Structures are given as C-alpha cells and as structure tokens.
Amino acid sequence: MQEGKNQKKFFGKDIMNLLKLMVPEKRYCILGMTVVGLNSALLLYLPQVTTDIAKLQELKYDQENKEKSQKTNMYYHLKWGGVCLLGMFLGGARRFLNTQISNRVGMRMRYAMFQKLMSTRDNQSLHSQQLVHKLSNDVSLVSTGLSQDIFIMIRGFITTIGGAAYLSYYAFPLLASASAAAAVMGGSAILLGKYMSQFKVKETQELGSLSEVSQEMLQAHRLIKLSDMEQKENQRYSAQLFRWYEQATQFSKMQALNMGLMEGGGLYALILILFQGCYLVATGHLDPELAKYFIQAVYMASGTRVMIAIYNELVKTAAIYNTILDIHPNLHESELYNQPDLTKNYREYISQDDILKAQLLNPPQNAEHTKGWQELYEHSTIPPPSISFKNVQYSYPNHENSTLTFNLQINSGEIVLLQGPSGSGKTTALNLLTKLLTPSSGEIVIDGEPLSKKDFKWIQQHVSYVQQDGIIFNATVYENIIYGNHGYDQSMERVIWAAKMSSAHDFIENMQNKYQTKLKSDGTTSLSGGQKQRIVLARAILKNPRILILDEATSNIDSQSETDIIQALTQICKEKTVIIVSHKIENYKPLLTRVINLDQ
Ligand SMILES: Nc1ncnc2c1ncn2[C@@H]1O[C@H](COP(=O)(O)OP(=O)(O)OP(=O)(O)O)[C@@H](O)[C@H]1O
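Procedures and definitions
- Residues numbered from 1 in each chain as written.
- Predicted model: local features only at pLDDT ≥ 70, side-chain atom pairs only at ≥ 80, totals over all residues.
- Heavy atoms only, no water.
- Helix = DSSP H or I, 4+ residues; strand = E, 2+ residues; numbered from the N terminus.
- Buried < 20%, exposed > 50% of the residue type's maximum accessible area, 1.4 Å probe, protein only.
- Contact = heavy atoms within 4.5 Å.
- UniProt positions renumbered as here; feature names shortened; annotations may be inferred.
- Expected span 1.5 Å × (residues − 1).
- Polar contact = N/O pair within 3.5 Å; in protein donor to acceptor, adjacent residues only side chain to side chain.
- Salt bridge = Lys/Arg side-chain N within 4 Å of Asp/Glu carboxyl O.
- Phe/Tyr/Trp six-rings, centres within 6.5 Å; stacked < 30°, edge-to-face > 60°.
- Lys NZ or Arg CZ within 6 Å of the ring centre and 35° of its normal.
- Axes fitted to C-alpha atoms, helices over the stretch in contact; angles between N-to-C directions.
- Parallel < 35°, antiparallel > 145°, perpendicular 65-115°, else oblique.
- Left-handed = near helix turned anticlockwise from the far one by under 90°.
- Nonpolar A, V, L, I, M, F, W, Y, C, P; charged D, E, K, R; others polar.
- Pairing = 2+ DSSP bridges.
- Core = buried A, V, L, I, M, F, W, Y, C linked by side-chain atoms within 4.5 Å.

Enquirer: An account of the overall build of the protein chain is needed here, citing residue identities and associated values.
Expert: Looking only at helices and strands, one finds 19 helices and nine strands in the protein chain. Taken across its 600 residues, the protein chain has 46% of its residues classed as buried. A sequence separation of at least 24 residues applies to 81% of the contacts in the protein chain between residues at least 6 apart.

Quick look at the structure:
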C-alpha cells in the first residue's frame, strides 16, 4: 500500500479534518441541524401517543358525556394527524438538505482538485485514470457519506440524550440496562472501526487501480486485438478485479463482525429492557404505560448504536478522503473548502458557455470582426527568434543521478531537425524550451533574453507544439482548429487559410457539415491519422507562431499524407524558427537548414 502524505494522522484528527469540508456550508448545516433537532424532538414525543390512546379508551366508556368525548376524540385525531404532517415535512426537508450539502461539498472538491491538476505543467507524474476515478467515485463517496452520516449522528445523539433524560426522570432502573447495552456496542465499534478503515483504504486503492487497468485496456483496444494479447489482458484485468475482491471481502468480514456485535448488543439491550420492564410492572414500581418507557429506552439504545455505526462510517470516509488528498503533492486540504461561494454566479457560467457555443456555430466570416487581428500581424513582421541552450542541465526527480545536459544554438528562421538516439533527451529539450520543465542549472536564451525572464504567456503566444498523437476534442472541426488561439483571428476566412496551408481544407469540404462537422476525441472519429494530424497542424499555425515545434508530428501517418504535409510545411515554415524531431530525416531533408545531433 502506498503511504500517502496524509495517512499518518490519528483517526480523531482525520474526522475533524473531514468535518472541515462542511464549514463553507454553514447555512445549510444550521438549517439541517434545526430540522434534525425538530425531527428528533418529534420522535421523542411520539411515545406520548400511548397516554392519549389510554385517555381515549377511558372516554369510550364514558356514555354520560358524549359531546365532550367526541370533541376530545377529534382533538387527538387532529393533533396526531398534524404530527404526521410535520414529520412528513421535516423528513423531506432533511433529505433535501442532506443531498444538497453533499452536492455542494462534492462540487467544491471537484472544482479544487481539477484546478490543482490543471495547474501542473509537468503532468507526467500524474496517473490520469486513477485521477478520473477519484474525481468521480471517491469524491461522491466522501460527500454523500459525510453529509448523510452527520445528520444521522445528530439524530442519534438527540434521541440518546432525550431518551436518557426521560428515563432518568420517569423510569430510572431502565436507564442502567440501556446504558450497559450502549457500552457493549460502543466498545466493539471503536475497536473494530480502526481496522475497518484500514481495509476500506486498501479496497478503495484496488478499485482505483481497477479503473486504471480498464481504461488503459479500452484505450489500447486495437493494439491488444492485433497483438493477440486479449487473453493475457483479460487475465490481467481479472487479477486486478480479484485483488479488489479480496480486499472488499476482508472489509465485508470486518463489517459483518462489527454488525454482528451491534445486533447482538441491540438484542441484549432489548431483552434486558423488556425483562426489567416486566419485572417493574409486576412488582408495582411502574405503571402499565410500559410501552412509553420501553420506546424511550429503545430510543436511547438505538440512538447510541446509530452514533457508533456512524462514527465507523466517518472513520471510513476520512480514510477515503485522505487518499483523495494524495492525488497531488501540493494539494492542501484547506483548498478543498476555502473557496468563495462557487454557486453564486453559476447560472452566468452556464449561460456564457451557451452563448459561446452558439457563437461557434456561426463564426465571423472575415477578420474585421475578430479581436487580436492586428496583434497577429504585428509580431509576424519581427524576425523569428534565435534560441540557445547554454549548459542547460536537467534531472528528473525520480532519476536524480542521471543528468541531461544541452548546449544548442538555433539561429533566427532556421528549420532544424533534432537528432539523437532514443533517450538522448529530445523531448526533454522541447519541454524545457516550452517551460513545461525548469532547468536545474544553465540558461535558455531567446533573442538574447533569458527564457526564465519571460512568462508562460510569452510561450503561449509565440510557440506552437505539434505532438505525435494530435489531440482532437469532442467538438466541431472549426472549434478544433481555433482551440488555444483566443485573442487571434478566428474568422472562417483565417481558419480556411490555416486549413489550406496544412492541406486539410479539401477533405474538410468533403465532410457532411464541412467546418461544423462534429469530431470525437475517443478515436471513433471518422478521420484518418493523416487527416487528424492536418487539423492539428492547422490549429498550430492559425496564430502564426514565431517558433513551431513538430515532435514526431508525421510518424503515425501514411507516406502520401506525410509527403503532402511536408510539402505544406515549406510554405508554413517561412518566417519561423522551426524545430523538428523525427526519425525520418530523409523525408524532411528538403525542408531543413541543419541537423543538430543531441548525443554530441
Ligand atoms: N517523466 C520522466 N521521469 C523520469 N525520467 C524520464 C522522464 N521522461 C524522460 N525521462 C528520462 O530522460 C531521458 C531522456 O528522455 P526523452 O524522452 O527526453 O528522450 P528522447 O530523446 O525524446 O527519447 P525518444 O526518442 O525515445 O522519444 C531518458 O533517459 C528517459 O528515461
């Protein structure tokens, strides 16, 4: 089991930390507690019905005063009808507040976690499938568990205290029996709670790994089929499934033991209370309205039982919460609840998104309507930048004893190909240039100015990076091309220009809805590898970047598409500093000014 940064706290503190998630929902919580308080008071009042029934029975035989008897009858019916209606309202309100707190806590957690993950520049250390599982499944477990458990616990507390107070006043001997039963249940639950939470953490981790394995396999579905790995992968999935099952079974056993002790304790309490109650009635110490006291004693014992059961649930939930905090080394728990009210402007978010979507379906036809048009051409008049790596060193955190060193000079407007054996550091150099990684020492200089002095915005504005597996989003062709090009000309005129430059226009025109055709990100899109890569290239050149990086950009496509793209690049690469990484040096030769060897 992975030892997370948050797993060493003692359980009481864990629960306190968990409860902090409720802090921003103060208003809902106070309202919820009031409702739960009233609901519990109603429950405690309920045994009073026995007294009223006894009175009604008396009146039934009072033939002399028929009118009074009818009135009283009516009064009691109205009273208990009202109690039922109130109970109905309070029950509904409690459920609504429960769910709403859970929704809001979950929303805050997801919002903070997502922001944190997106803020990471070097995402290589993040396990995306595990994270998706945490964002959906584990957050739901924590938020629903927390809000529901707390209210049930409060109700348990009120009925325990109320029942105990009633018994201590009206039937003190029964209090002793109920307390003894509560003590037995409490002891076992606290003892087993610790083990239960440990098993729950393991089970949650195995379930996360199961999601990871399944997503990985579904993504690599084609490769698995073609490599005759189906049986092996089925076996791997099954093995992980059984690993989860093993932990889930351990947890179930522990839970069953706990539940058994609870049930046993409950039965013991019931028998003890009944036995004692009957004895007290028989000896004339208690009046025949035994049911009233009996119910109060049961309230007290079951309230205690509920509190203990919920304590166990909270320990489990806190354990899952700790695994969520481990998703990111810099995620502090306070970030999950110390945020402004997210829901304040949520309708605005949705309506802005709707407006944007509508605009994207009707993009401006020409550049006059688009912001940033001038900016686009302003920087295209400046000569493309020169780049030098001066004794730049980098070591990956998990490989600190192997340091990569770079000394490179790329002149303004050059089209260079970075060459070197696998592992020589080509991708690392590009990540350093795009500030996704920061050098351990040395300096990268762009046009005479250190890159460290330029902010990330500069990179976003002046660099386009095309990777081997071009990313296509669940959106139209038009949206895919303008992606990441805000502030630049996004008119149809300009998008068509970019598509023509990357030899994409013709096949887009042949699609059913042309530039408004919907594409899919999961690979089920009707695009070929070459078509996908041409759309990605159109996206990269729309903003007319000063530095263009092509990292194995044509590796996955057929040779005819590659020839077309390289031909298009002759035009595209003008007035830019271009860095190409490709193993197919021969194909790029006509385009290049130089080849730089990284292993020298
Ligand atoms: N996220 C990482 N964590 C640890 N080490 C890494 C990481 N990424 C790369 N490395 C190591 O850094 C070295 C350079 O890797 P890099 O990917 O930059 O090489 P490359 O020349 O691009 O290789 P290829 O041609 O195979 O893509 C390799 O030894 C690799 O093992």
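There is more to say after this.
Enquirer: How would you explain the UniProt feature "transmembrane region" (unreviewed entry) in the protein chain if you had to name every residue and give the values?
Expert: Under the present numbering, the feature "transmembrane region" (unreviewed entry) in UniProt falls on residues 28-46, 78-97, 150-169, 175-193 and 261-282. The distance from the first to the last C-alpha atom of residues 28-46 is 27 Å, and the span holds 95% helix and 0% strand. From the first C-alpha to the last, residues 150-169 spans 29 Å; its make-up is 100% helix and 0% strand.

Enquirer: Quick rundown of helix 2 (residues 26-45)? Include the residues and the values.
Expert: Here helix 2 spans 28 Å end to end across 20 residues, near enough to the 28 Å set by a 1.5 Å rise per residue. For helix 2, the full list of buried residues reads C29, G32, V35, V36, N39, S40, L42 and L44.

Enquirer: Kindly report on the side chain of N39, identifying the contributing residues and their values.
Expert: Mapped onto the elements of the fold, N39 is located in helix 2. The exposure class of N39 is buried, given its relative accessible area of 9%. At 3.3 Å, the side chain of N39 and the side chain of R94 are in polar contact. Ignoring anything within four residues of it in the chain, the contact list for N39 reads G87, L90, R94 and R155.

Enquirer: Give a description of the pattern of salt bridges that names residues and reports values.
Expert: Enumeration according to the criterion identifies eleven salt bridges in this entry. When the shortest N-O distance is used, the salt bridge between E25 and R104 registers 2.6 Å. A residue pair is termed long-range when its members are at least 10 positions apart, and E25 in the loop between helix 1 (11-19) and helix 2 and R104 in helix 4 (residues 66-119) qualify at 79 residues. For the pair shown, E25 and R104 are each scored as buried. A salt bridge links D447 to R546; its shortest N-O distance comes to 3.7 Å. Of this pair, D447 sits in the loop between strand 4 (441-446) and strand 5 (449-450) while R546 sits in the loop between helix 17 (529-542) and strand 7 (547-551), and the two are 99 residues apart along the sequence. For D447, a relative accessible area of 43% puts it in the partly exposed group.

Enquirer: Account for the packing of aromatic side chains, with residues named and values stated.
Expert: Counted under the stated rule, the structure contains five aromatic pairs. Geometrically, the ring pair formed by Y394 and Y396 is edge-to-face, given 5.0 Å between the ring centres and 85° between the ring planes. One residue, K200, lies across the ring of F251, its end atom 4.7 Å from the ring centre. Cation over ring: R494 sits above W497, and NZ or CZ is 3.7 Å from the ring centre.

Enquirer: Lay out the packing of helix 2 against helix 4 with the relevant residues and their values.
Expert: Working note: a packed helix pair is described by the angle between its axes plus the distance between those axes. Viewed as axis vectors pointing N to C, helix 2 and helix 4 meet at an angle of 150°, and their least axial separation amounts to 9 Å. Classed by the angle they form, the pair helix 2 and helix 4 counts as roughly antiparallel. The handedness of the crossing between helix 2 and helix 4 is left-handed. Taken together, the residues of helix 4 that come into contact with helix 2 (itself represented by Y28, C29, L31, G32, V35, V36, L38, N39, L42 and Y45) are K79, W80, V83, L86, G87, L90, A93, R94, L97, Q100, I101 and R104. Taken together, the residues of the contact of helix 2 with helix 4 sort by class into 15 nonpolar, four polar and three charged.

Enquirer: Break down unusual backbone geometry for me, with residues and values.
Expert: The phi dihedral of K435 falls on the positive side, at around 65°, and the residue is not glycine. Note that K435 resides in the loop between helix 12 (426-433) and strand 4. One non-glycine residue, E552, lies in positive phi territory at about 50°. With respect to the secondary-structure elements, E552 resides in the loop between strand 7 and helix 18 (559-572).

Enquirer: Which residues make up the packing of helix 17 against helix 18, and what values do they have?
Expert: Running from amino to carboxyl end, helix 17 crosses helix 18 at an angle of 10°, the nearest separation of the two axes being 10 Å. In this view, helix 17 runs roughly parallel relative to helix 18, as classed from their interaxial angle. In this structure, helix 17 contributes G530, Q533, R534, L537 and I541 to the contact, and helix 18 contributes S561, D564, I565, L569 and I572. For the contact of helix 17 with helix 18, the class distribution of residues is five nonpolar, three polar and two charged.

Enquirer: So, the sheet that holds strand 1 (residues 387-394): which residues are in play, and what are the values?
Expert: Within the open sheet, the four strands sit side by side as 2-1-4-5. Their pairing is antiparallel. Strands at the two margins of the open sheet, each flanked by one partner only, are strand 2 (404-410) and strand 5. Here strand 1 runs beside strand 4; their pairing, made up of five bridges, is antiparallel. If you follow Q393 over to strand 4, its bridge partner there is S441. Here helix 12 sits on the sheet and contacts strand 1, strand 2 and strand 4; the angle it forms with strand 1, its principal contact strand, is near 110°.

Enquirer: Tell me about the nonpolar core, and name the residues and values.
Expert: I481, Y515, L550, L569 and I580 are the most contacted members of the largest nonpolar core, which has 44 residues in total. With seven residues, helix 17 is the single largest residue contributor to this core. Contact partners of L569, with chain neighbours within four places excluded, come to L537, L548, L550, Y588 and L591. In this structure, L18, C29, A318 and Y321 belong to the second largest nonpolar core, which totals 31 residues.

Enquirer: So what about the environment of H133? Which residues, and what values?
Expert: Looking at the secondary structure, you find H133 in helix 5 (residues 128-170). On a C-alpha basis, the gap between H133 and G208 in space is 6.0 Å, while along the polypeptide they are 75 residues apart. Setting aside its immediate chain neighbours within four residues, H133 contacts D138, L207, G208 and S211.

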